[in-house]
Structure formats: C-alpha cells, structure tokens
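Inside the fold
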Amino acid sequence: MNPYILATLLLSLGLGTTITFASSHWLLAWMGLEINTLAILPLMAQQHHPRAVEATTKYFLTQATGAATLLFASTTNAWLTGQWDILQMSHPLATTLAILALSLKVGLAPLHTWLPEVLQGLDLTTGLILSTWQKLAPFALLLQIQPADPTILIILGVTSTLVGGWGGLNQTQLRKIMAYSSTAHLGWMILILQFSPSLTLLTLLTYLIMTSSTFLVFKLNKSTSINMLATSWAKTPALTTLTPLILLSLGGLPPLTGFMPKWLILQELTKQDLAPIATLAALTALLSLYFYLRLTYAMTLTMSPNNVTGLAPWRLHSSQLTLPLATLTVATILLLPLTPTMLTLLTL
C-alpha cells in the first residue's frame, strides 16, 4: 500500500477514536465510530484475497448494524427525554439498545459471532489493530452509559466469559483463538463496569498490553495455526522461552500481570454480594486457561515434523522491529508487584 494512503488511513483511525473520546453529544460520538470503521476497511481488504474481502464485508455489515442501532437508540432517547447528551441517557429502552449496539461493535457474546470469522480473514497486523485499537471508542461510550439496572451488563459479561472460554477450546487457528480470548476478556470488563469503572479501565489496559505482545510474537514467527508455532524453537529460542509466560499471563495466572485485573475484579464482585457470579467467572477463566496451555504445549513441548516441503518459514529473516515486542513482553510478565499502587490509584 502507498505510504501516503497508509498514513492517511492510520491518522483517520486515530481521528475517529479521538472524536468519540472527546464528544459529549451522541451524534458526534456516532460520527467518530463511523470514521473509525471506514478507515480500517481498506487496511482489511488490502490483501485482495477472497478471504480478506469476505472478512471486510462481514465487518462492514456488523459495524454498520451496530452504528445504525446506536443512532436509533440515541434518537429514541432524545425523542423520549429531550436529551442528546451521552451522560444524560436515562430511558431504559434507549440505554439497553445502546448497550447492545456497542456490544455488537466490540464483539461481546452473544453478539460475538462475527469476530472469529473476521479476524481469521485478516493478516496479523490488521488483526492486532482490530483486537486493540478498535475496542477503545465503543468502550469509552460504554463507560459513560450507566444503566439503572446492572443485570444486562452482568448477563453480557458472564455469557462472554463463558462463550470466550468455550469457543476457543476446539480451535487450531491462532487468530480465532485470539478472537475468543478477546470476547472472554471483554466479558470480565463488562462484568465490573457498573461497580468500578476505573477497574474496567485497568483491565482494558492490561488486555491491550497482553494482546499486543501475543500478536507481535505470532507476527515475528509468521504463525497462523498451532502447528506453525512448533517451528518457533529453531527461529527465536529466547522468545519461545518467554512466550508461554505471555500466554499464561493472558490466562490470568499468578505471578504474572494478567492475574492482577482478575484478582481485583473477583474481590470487587465479592464485595458487591455477587459471590456466585464471581465463582462462575473464575470457573470460566479455567476454560480460557486450557487453550492457552494448549498453545504453550504446542510451542515448547512438541517438535515440528522435518519433512516440510518448500521454504521453511524459520529460515526467513523477519524485518519486524523487536523493541515494541520486548517492552510489551516485560509489561505482560512483570507488572503484578504494582498491584498496591494500582489499588491506591483506583480508590482516589
């Protein structure tokens, strides 16, 4: 792709998200989401492969549906209450519609079915943008909508953690596994959104760090399926030693960074007298942990077959920058000791 066009598209992506962040009016927020969607479509379709075009079409249709429903919800709210302000969304019908529209946009279960299919059709770089940056704008809006009854958020959260864990169990394609992982993590964020928005932000931040480092590892190894991970020993031995820690951090095991948000969320849910929900969420985390362990096993404990025809992928030198990956890997593995500091910041 022409570098000028690429720069324009990336700046438009940034602009769309920034407009949504900065807006207090529903129309402006909707406009930011639309710019965001339209800016990423050419990046998704740049491969000119039927699979990429199909993924782009699916993404466009789901995002357009989500945006139209959001516009309908905000118009309904304005019609019923006379308010266009995001923080003034008070009518239960409009609030529920808006939450469902934004859930469709980020890929929360049961509105998640487009996400694995779309992610599977993209290359790893665009997949990384879709799994991280594209979640920010809808989440900024979700944080500002405070429904009177938290039941819908809890239902969405529990369903997402359950489906995110269950769906990834039988997958062999890494991008689909990452899509289900994304749904499960978003479920944890939505679960706690009503009770502690700052904790949701902390979970989102750790999710962004962990997902980025995982995608960059796959990109460096040019891996798209579990079998291709087995060749990474010969290519990057040091990184292959660290990757299991990144994956287990995604699964939320102590003493890694990923344990911090899960620990704090379970603690907060218990404080809110939601111990059964906390127990269910903790059990669903075990499902996710299983497929991260599967990836770890494939990467470190299995050898690749030696009868590969054609160019072996580990012979090709990668031109990818390693500094972002190194920084994110350190953050993914070593941030748990900062938990007391985070707790202090959350209670400010």
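Rules used in this analysis
Residues numbered from 1 in each chain as written. Predicted model: local features only at pLDDT ≥ 70, side-chain atom pairs only at ≥ 80, totals over all residues. Heavy atoms only, no water. Domains from an automatic or database assignment. Contact = heavy atoms within 4.5 Å. Buried area = accessible area lost by both parts, 1.4 Å probe. Salt bridge = Lys/Arg side-chain N within 4 Å of Asp/Glu carboxyl O. Helix = DSSP H or I, 4+ residues; strand = E, 2+ residues; numbered from the N terminus. Nonpolar A, V, L, I, M, F, W, Y, C, P; charged D, E, K, R; others polar. Expected span 1.5 Å × (residues − 1). UniProt positions renumbered as here; feature names shortened; annotations may be inferred. Axes fitted to C-alpha atoms, helices over the stretch in contact; angles between N-to-C directions. Parallel < 35°, antiparallel > 145°, perpendicular 65-115°, else oblique.

A few words now on the domain arrangement of the chain. Parsing the chain into structural domains produces domain 1 (1–143) and domain 2 (149–306 + 322–347). Taking the mean C-alpha position of each, domain 1 and domain 2 sit 23 Å from one another. Contacts between domain 1 and domain 2 engage 28 residues on the former and 32 residues on the latter. Among the residues of domain 1 in contact with domain 2, Q120, L124 and F139 are the three that bury the most area, contributing 26% of the side total. Our count for the contact surface shared by domain 1 and domain 2 stands at one salt bridge. Two residues, E117 and K176, come together in a salt bridge whose shortest N-O distance is 3.5 Å. Within the residue set of the side of domain 1 that touches domain 2, elements represented by two or more residues are α4 (92–106), α5 (114–120), α6 (124–131) and α7 (133–144). Counted by class, the side of domain 1 that touches domain 2 contains 16 nonpolar, nine polar and three charged residues.

Now for helix α14 (residues 259–271). Between its terminal C-alpha atoms α14 stretches 18 Å, which fits the 18 Å expected from 13 residues at 1.5 Å a residue. On the buried face of α14, the contacting elements are α9 (174–193), α10 (197–221), α13 (237–251), α15 (275–300) and α17 (339–346). In the segment just after α14, D273 is the residue with positive phi, at about 60 degrees.

Turning next to the UniProt feature "domain: NADH:quinone oxidoreductase/Mrp antiporter transmembrane" (unreviewed entry) in the chain. Under the feature "domain: NADH:quinone oxidoreductase/Mrp antiporter transmembrane" (unreviewed entry), the UniProt entry names residues 23–287. Structurally, residues 23–287 is divided into 78% helix and 0% strand, and its ends, taken at the C-alpha atoms, are 38 Å apart.

Right, let's get into unusual backbone geometry. The amide bond that connects A109 to the next residue, P110, takes the cis arrangement and shows omega of 5 degrees. With respect to the element layout, P110 can be found in the loop between α4 and α5. Backbone torsion omega between P254 and P255 reads 5 degrees, so that peptide bond is classified as cis. Relative to the helices and strands, P255 is located in the loop between α13 and α14. You will see that K222, though not glycine, has its phi angle at about 55 degrees, which is positive. Take K222: it is sitting in the loop between α10 and α11 (226–229). One non-glycine residue with positive phi stands out, namely D273, at about 60 degrees.

A packed helix pair is summarised by two numbers, namely the angle formed by the two axes and the spacing between the axes. Across the interface, α6 lies against α10 with an axial gap of 10 Å and an inter-helix angle of 175 degrees. When the interaxial angle is binned, α6 and α10 end up roughly antiparallel. Along the contact surface, α6 presents L124, T125, G127, L128 and S131, while α10 presents Y207, T211, S212, F215, L216, F218 and K219. Split by residue class, the contact of α6 with α10 holds six nonpolar, five polar and one charged.

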